[in-house]
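Each chain, written out:
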Amino acid sequence: MSRVESEVSWDRHESTVSSIGAEALYDKCLALANNLWWTWHPDVINLFRDLDPIRWRQLDHNPIALLREFTPERLASRAAEMVLFSRINHAFRRLKGYMSSVPPWSSTHTGVLGARPVAYFSAEFGIHESIPIYSGGLGVLSGDHIKSASGLGVPLVAIGLFYDQGYFKQHLDASGYQNEEYLDTKVANLPMNPALTQTGEPLTVSITTRAGTLLAKVWLMQVGRVKLYLLDCNVQGNSPQDRELTARLYGGDERTRIRQELVLGVGGVRALHALGITPGVLHLNEGHSAFATLEAIRQRMQEDGLPFDDALRETAQHTVFTTHTPVPAGHDRFNSGLVEEHLGPLRDELGISHEQLLGLGRVEPQNESELFCMTVLALKLSRHANAVSSLHGQVSRRMWAHLWPWRVEEEIPIGHITNGVHTPSWLAWQMMQLYDRHLPAGWSERLGEAEVWQHVEEIDPGELWETHNTLKSLLLSFVRRRVSRQCRRRGESDDVVESARNVLDQNVLTIGFARRFATYKRADLIFRDTDRLARLLNHPERPIQLVFAGKAHPKDEPGKQLIKRIANLQSDPRFHNRLVFVEDYDINVCRHLVQGVDVWMNNPRRPLEASGTSGQKVVLNGGLNLSILDGWWAEAYDGRNGFAIGRGTSHVSDDITDNRDAHSLYETLEQQVIPTFYDRDVDGLPRKWVQMMMNSITSLAWRFSAHRMVMDYTLTAYVPSAGGLSCDMSVR
Ligand SMILES: *Cc1c(COP(=O)(O)O)cnc(C)c1O
């Protein structure tokens, strides 16, 4: 009897045995759904999908929502029908094994963190599309950071906010203008439980301000081995207005913002304390959570009887700060009234004056016209500060040089650790299979090691190309489904909806562009000369096609106008069938795009892209980057692993810079990208292109992995900070 047959008969047998068996099966599925470990295990994702492929898609790939539609009996009979028993059991055993093991890397490198873990603070976490508590890059980076910390076994707990309306859903109206829709998240459908105190009570923290007390309950989400605690102000006891404080990401005014940041920072440190967790390191991912340091100082003073100055020095010793914003205006600043209203009571306990507190958030402590800046607070209260790419490090050192007026720029203590992505979360299942066949066993535990990826050279070029084309066709089906749905929603005619079902062409060079529509990212750069672009799109032998996606911040009117312009160009006859805008960019849309495009285009105004990570996701899946030499690409591009726009310079005039960059973009497309893509051998294989795909994967996949990033943080920041040793503060 073959294995499959025996499994079938065993399944049939199981399904009729007992309802106890059905209950147990259901519980295993729930256990899988309740640990976000499943989000980076394609075999478990496929398992959930097989339970009901249509509902799976309709429910935003949320396994808890899906399971709630099943009774244990119906689940068991569906499992029998689909031969799922052994797959469920296998996945469940793997999860248990994962949770009870300690990865080798952590046992040799993280000893000092064992008893006192890293506390990682971030205002957003992008873990999966079904958990809408992120808006974009910063959140996805945080999600990837904690997933890799889990994979490497770095002792780390994460702290964030729970937003019960999350970020908005984007729809374009008939004129192409962005509309925002906020939906209430169903808490019961999330893998989240109340965090319990040491005595088993659901935890609520309180924070006293001059204008009353704010309460926040604390939720716990399990992300592999990492615990993620989320604070939520929607609790009884808060005023109706405060119950909505954490409803939305980056919503409301300055007062909303400082209150959210108070809850995240001060509330977060209090929550850890109440949970009996004593962190050895505070990692502030961006300045939003910098108030955490003040609460940590208070605890030190109270528990160790230290005076303020000593407690501050001690706290700074244990604090790591990552800055992400290369534009001065992008840093949170608050006026002294807001600071006093919210930090006043804490300041009383610290025993410092209003002026002293304000001084901690000012470059010039005595300068009364200077607002209180969260980044300044974070820089003053951390002994390890870093930017997120080499170039961003230079920009940040220059931007904050006046904080250390006696130092030359190179000695400003802000180093850099370049961002990376959590490989298994962004890698297509088909590529994973390919790597499984060619990379050394255990490769998925060693994602940050260069040697592992050298074996990509051994993959047969035809096989790599074929896999890429499979992924490209999946992307095109996805785009067609979404675009026809968008047309129907906008009330377009049946003809238009029908033609959307066939939009784009599998054989045409496909360029993706998706990101937040902030003006500095210049989504319309390629449209600067529409006639020249139209010639490229409609070339008789060597055409190209473009897929766009991205949201503008609700208050960013220029960003919304950019979207409108691009959306409307879709109906320009010159761009017919060659340009689409996919609405509602999120992790799901991003995953489809980065897995299926031939080329990923990125053209920010240099040096405003701190790092960027979407292009790193493309690398893993065999796509090539075409990008301005900014952020991560400035240190990644080597002339053989993708394409550069411009030469890494910019002019003082934005208009001149934009013209030069657009010119370079067209030239690079015409002279390098398009000819290389369409240069085929007798088998129809673009040999040079496939070689570039391999160069890209071997040279970049390990360097720009979140595993490498978390290893760097651990070795150069966490371990030295936890040990109280002074670490190398300049550059790693
Ligand atoms: C990866 C990702 C980003 C960040 O990519 P950038 O290159 O910084 O734009 C933003 N949004 C989503 C949904 C992502 O998945």
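Residues numbered from 1 in each chain as written. Predicted model: local features only at pLDDT ≥ 70, side-chain atom pairs only at ≥ 80, totals over all residues. Heavy atoms only, no water.

### Some remarks on the pairing of strand 8 (residues 226-232)
So, step 1. Summarising burial for strand 8: six of the seven residues are buried, a large majority.
So, step 2. Inspection of the sheet shows strand 2 (residues 156-161) paired to strand 8 by five bridges, in the parallel sense. Across the sheet, residue Val157 finds its bridge partner in strand 8, namely Lys227.
So, step 3. Here seven bridges tie strand 7 (residues 212-223) to strand 8, and the two strands are oriented antiparallel to one another. (Buried < 20%, exposed > 50% of the residue type's maximum accessible area, 1.4 Å probe, protein only. Helix = DSSP H or I, 4+ residues; strand = E, 2+ residues; numbered from the N terminus. Pairing = 2+ DSSP bridges.)

### Some points on the site of the ligand
So, step 1. Residues in contact with the ligand amount to 14 residues; listed here are only the nearest, Trp426, Cys590, Thr613, Ser614 and Lys617.
So, step 2. Within the side chain of Lys617, one N or O atom sits 2.7 Å away from an oxygen atom of the ligand.
So, step 3. Protein coverage of the free-state accessible area of the ligand, which is 380 Å², stands at 93%.
So, step 4. For the shell around the ligand, the elements supplying multiple residues, two or more each, are helix 9 (137-152), helix 25 (587-596) and helix 26 (614-620). (Near = heavy atom within 4 Å. Polar contact = N/O pair within 3.5 Å; in protein donor to acceptor, adjacent residues only side chain to side chain. Areas by Shrake-Rupley, 256 points an atom, 1.4 Å probe, with all protein chains shown as cover.)

### A short note on the pattern of salt bridges
So, step 1. Counted under the stated rule, the structure contains 45 salt bridges.
So, step 2. One salt bridge connects Arg446 with Glu449, and the closest N-O pair in it is separated by 3.0 Å.
So, step 3. Overall, Arg446 belongs to the partly exposed group, its relative accessible area being 27%.
So, step 4. A salt bridge links Lys551 to Asp584; the shortest N-O distance between them is 3.5 Å. (Salt bridge = Lys/Arg side-chain N within 4 Å of Asp/Glu carboxyl O.)

### With respect to the packing of aromatic side chains
So, step 1. Here the structure, examined in full by the defined rule, presents 25 aromatic pairs.
So, step 2. When the centroid spacing of 5.7 Å and the interplanar angle of 80° are considered together, the rings of Tyr435 and Trp443 count as edge-to-face. The pair formed by Tyr435 and Trp443 is uniform in burial state, with each residue classed as buried.
So, step 3. Seen in terms of ring centroids, Trp633 and Tyr637 are 5.7 Å apart; in terms of plane orientation they differ by 45°. Their pairing is tilted.
So, step 4. Put simply, the rings of Phe513, Phe517, Phe527, Phe548, Phe575 and Phe581 touch in pairs and so form one group of aromatic residues.
So, step 5. Between the NZ or CZ atom of Arg515 and the centre of the ring of Phe513, over which it lies, the distance is 4.6 Å.
So, step 6. Looking at Arg680, its charged tip hangs above the ring of Phe677, at a distance of 4.9 Å from the centre. (Phe/Tyr/Trp six-rings, centres within 6.5 Å; stacked < 30°, edge-to-face > 60°. Lys NZ or Arg CZ within 6 Å of the ring centre and 35° of its normal.)

### Digging into the environment of Thr323
So, step 1. Of note, Thr323 is situated in the loop between strand 10 (319-322) and strand 11 (333-334).
So, step 2. According to the relative accessible area criterion, Thr323 is buried, its value standing at 2%.
So, step 3. Put simply, Thr323 and Val395 are 72 residues apart on the chain and 11 Å apart in space, counted from C-alpha to C-alpha.
So, step 4. Non-local contacts of Thr323, meaning those with residues more than four positions away in its chain, are made with Glu286, His331, Thr375, Asn386, Ala387, Val388, His392 and Ser396. (Contact = heavy atoms within 4.5 Å.)

### Notes on the sheet that holds strand 18 (residues 599-602)
So, step 1. Here six strands make up an open sheet; going across it, the order is 17-16-15-18-19-20 and the pairing parallel. The open sheet has two edge strands with one neighbour each: strand 17 (579-582) and strand 20 (643-645). Averaged over all pairs of adjacent strands, the angle between strand axes in this sheet comes to 20°, irrespective of strand direction.
So, step 2. Relative to strand 20, strand 19 (residues 624-628) runs parallel, the two being bridged by three bridges. Counterpart to Leu626 in the pairing with strand 20 is Phe643.
So, step 3. Running at roughly 160° to strand 16 (residues 544-549), helix 25 makes contact with strand 15 (509-514), strand 16, strand 17 and strand 18 of the sheet. (Axes fitted to C-alpha atoms, helices over the stretch in contact; angles between N-to-C directions.)

### Examining the domain arrangement of the protein chain
So, step 1. The assigned domain composition of the protein chain is domain 1 (10-100), domain 2 (104-419 + 711-722) and domain 3 (430-704).
So, step 2. The distance between the C-alpha centroids of domain 1 and domain 3 comes to 35 Å. (Domains from an automatic or database assignment.)

### Concerning helix 23 (residues 530-537)
So, step 1. Burial runs high along helix 23: six of the eight residues are buried.
So, step 2. Looking at helix 23, one finds that the buried residues are Thr530, Arg532, Leu533, Ala534, Leu536 and Leu537.
So, step 3. Buried residues along helix 23 sit in contact with strand 16, helix 24 (557-569) and helix 28 (654-678).

### Here's the deal with the packing of helix 9 against helix 30 (residues 706-722)
So, step 1. Between helix 9 and helix 30, whose axes approach to 8 Å, the crossing angle comes to 80°. By the angle between their axes, helix 9 is roughly perpendicular relative to helix 30. Contact residues: Leu141, Asp144, His145, Ser148, Ala149, Gly151 and Leu152 in helix 9; Ala706, His707, Met709, Val710, Met711, Tyr713 and Tyr718 in helix 30.
So, step 2. Across the contact of helix 9 with helix 30, the residue classes break down as nine nonpolar, four polar and one charged. (Parallel < 35°, antiparallel > 145°, perpendicular 65-115°, else oblique. Nonpolar A, V, L, I, M, F, W, Y, C, P; charged D, E, K, R; others polar.)

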